[in-house]
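Examination of the molecular architecture
These are the residues of each chain, in order.
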Amino acid sequence: MPAALAAVLSAAIAGAFAAAAGHRMQQDPFRIQVQVEAVNLGVAVSDERGRFVSGLTADDFVVREDGIPQQISFFAAEAAPLTILVLLDASLSMRASLDYVKEAAATFVDRLWEGDRAMIGEFNDRVRFGGEFTDDRYRLVTNIMALDPLGPTALYDASILALERLYFADGDRKALLIFTDGDDSRSMGFGSEASAGDAIEAARLTDAVVYAIGFEGNGARVNKRFLRRLTEETGGQALFPERTGDLISSFARIEADVHAQYRLAYIPREAERDGEWREIEVSVRERRDLLARTRNGYYAFPTEE
């Protein structure tokens with residue numbers, strides 16, 4: 001995270017992370033307090049066929065905060081190193097497609113660009129992470145191949161804890177890729193302590209772009225609504241392949257998207273730090289045929305004296 005974006009955790013976040021670790025929440029949904037001087041955005045631009053649009057400049061973009069046009073103070077079109085956490089569903093329902101998932105995830109990390117760092121996480125009713133962020137592809141693939149599905153699904157807890165890991169990780173560009181073939185088992189009493197709303201709030205309040213692959217093969221019942229909301233809050237994407245043969249291509253689509261982003265920053269013109277939500281909208285000037293995706297906004301918490 002850039003030095004200009006000094007960040008602290010509010011007292012309530014401890015309650016949410018404790019809930020995700022397996023303890024009942026005692027507080028309201030948490031907030032990550034970001035003390036904003038400059039607002040940094042990753043922006044993916046695609047045409048009507050979903051293809052990335054290259055060659056744009058800062059003058060092509062229009063950025064609005066709460067409807068007010070903002071002046072872009074930083075722009076970069078070249079790719080920057082990525083810090084990514086690949087979070088894999090390791091619940092019992094994964095057994096039928098396990099080999100295909102391992103192959104697709106291993107291919108994904110093998111395609112990471114020079115300078116990228118990754119971490120593998122797995123979850124069932126508990127969440128486990130494989131060491132630290134690294135560019136060692138052999139170690140990453142080894143962690144993937146050790147995946148051994150068992151138990152129910154704590155999807156919400158896993159999402160929150162993965163976002164926490166990314167929050168404290170180094171790097172200007174961060175992403176979370178979630179793979180799951182089902183829904184949270186919370187409704188049956190064996191899943192997350194945190195709620196879907198807590199996980200959505202975590203996505204809104206971190207600087208990571210969230211992607212998801214919800215695999216619908218083997219009669220899976222994927223929570224599409226949750227995964228779409230989680231990803232759309234951050235400018236990411238959710239894909240729902242129906243065949244194991246589509247898994248590698250789904251991972252490849254996300255790998256291409258996460259590296260094909262423009263980087264923008266602006267200093268908010270309305271700089272009041274009242275802790276309220278600020279909506280962000282990015283568009284391409286005079287090009288209604290192009291879609292620009294970025295995070296939906298941020299909370300403007302007061303800066304420390």
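All of the points below concern the structure found in this document. (Residues numbered from 1 in each chain as written. Predicted model: local features only at pLDDT ≥ 70, side-chain atom pairs only at ≥ 80, totals over all residues. Heavy atoms only, no water.)

Description of the overall build of the protein
This is how the line gets drawn: In this text, helices come from DSSP runs of H or I with a minimum length of four residues, and strands from runs of E with a minimum of two, each type numbered from the N-terminal end. When accessible area is computed with a 1.4 Å probe and restricted to protein chains, residues below 20% of their type maximum are described as buried, those above 50% as exposed, and intermediate ones as partly exposed. What makes two residues a contact is simply this: any of their non-hydrogen atoms within 4.5 Å. Working definition of accessibility: Shrake-Rupley area with a 1.4 Å probe, residue cover restricted to the visible protein chains.
Assigned secondary structure in the protein consists of seven helices and 16 strands. Here the protein, with 305 residues, has 52% of them falling under the buried criterion. Considering only intrachain contacts with a sequence separation of at least 6, the fraction spanning at least 24 residues in the protein is 79%. Roughly 14,000 Å² of accessible area belongs to the protein as shown, and the carbon and sulfur atoms make up 46% of that amount.

Digging into a negative patch on the surface
Test applied: Each patch is built from salt-bridge-free residues with over 30% relative accessible area, joining like charges within 9 Å and nonpolar side chains (Val, Leu, Ile, Met, Phe, Trp, Tyr) within 5 Å. When a carboxyl oxygen of Asp or Glu is within 4 Å of a side-chain nitrogen of Lys or Arg, the pair counts as a salt bridge. Residues counted as positive are Lys and Arg, residues counted as negative are Asp and Glu, and His and the chain ends are not counted. Just so you know, the charge point we use is NZ for Lys, CZ for Arg, CG for Asp and CD for Glu.
Taken together, the side chains of D66, E270, E272, E276, E279 and E281 define an acidic patch exposed on the protein surface. Relative to the assigned elements, E272 resides in the loop between β13 (262–266) and β14 (277–284). Exposure remark for E272: the relative accessible area of 54% places this residue in the exposed category.

Here's the deal with unusual backbone geometry
You will see that D66, though not glycine, has its phi angle at about 50°, which is positive. With respect to the helices, strands and loops of the structure, D66 is situated in the loop between β4 (61–65) and β5 (68–70).

Thoughts on empty space enclosed by the protein
Just so we agree on the cut-off: In the cavity and pocket records, a cavity denotes points on a 1 Å grid over the protein atoms alone where a 1.4 Å probe fits but cannot get out, a pocket denotes an open set with protein on both sides within 12 Å along at least 5 of 7 lines, and lining residues are residues with an atom within 4 Å of a point. Grid points are joined across faces, edges and corners, and a volume is the space filled by probe spheres set on the points. As a working rule, the residues Ala, Val, Leu, Ile, Met, Phe, Trp, Tyr, Cys and Pro are called nonpolar, Asp, Glu, Lys and Arg charged, and the rest polar, with Gly in that last group.
Under the definition given, this model contains one cavity of 30 Å³ or more. The computed volume of the largest cavity comes to approximately 30 Å³. For the largest cavity, the full set of lining residues is L112, W113, D116, D135, R137 and L140. When its residues are assigned to classes, the lining of the largest cavity shows three nonpolar, no polar and three charged.

Some thoughts on the packing of helix α4 (residues 155–168) against helix α5 (residues 196–204)
This is how it is decided: Axis definition: a line fitted to C-alpha atoms, limited for helices to the stretch in contact. Angles are taken between N-to-C directions and run from 0 to 180 degrees. Oblique is the label for any angle not covered by the other classes, which are roughly parallel (under 35 degrees), roughly antiparallel (over 145) and roughly perpendicular (65 to 115). Crossings are classed by handedness, with left-handed meaning an anticlockwise turn of the near helix from the far one by less than a right angle and right-handed meaning a clockwise turn.
It is at 9 Å that the axes of α4 and α5 come closest, and there the two elements cross at 20°. With respect to each other, α4 and α5 are oriented roughly parallel. Judged by the twist between their axes, the crossing of α4 over α5 is left-handed. Contacts from Y156, S159, I160 and L163 in α4 reach A196, D198, A199, A202 and A203 in α5. Residues that form the contact of α4 with α5 fall into these classes: seven nonpolar, one polar and one charged.

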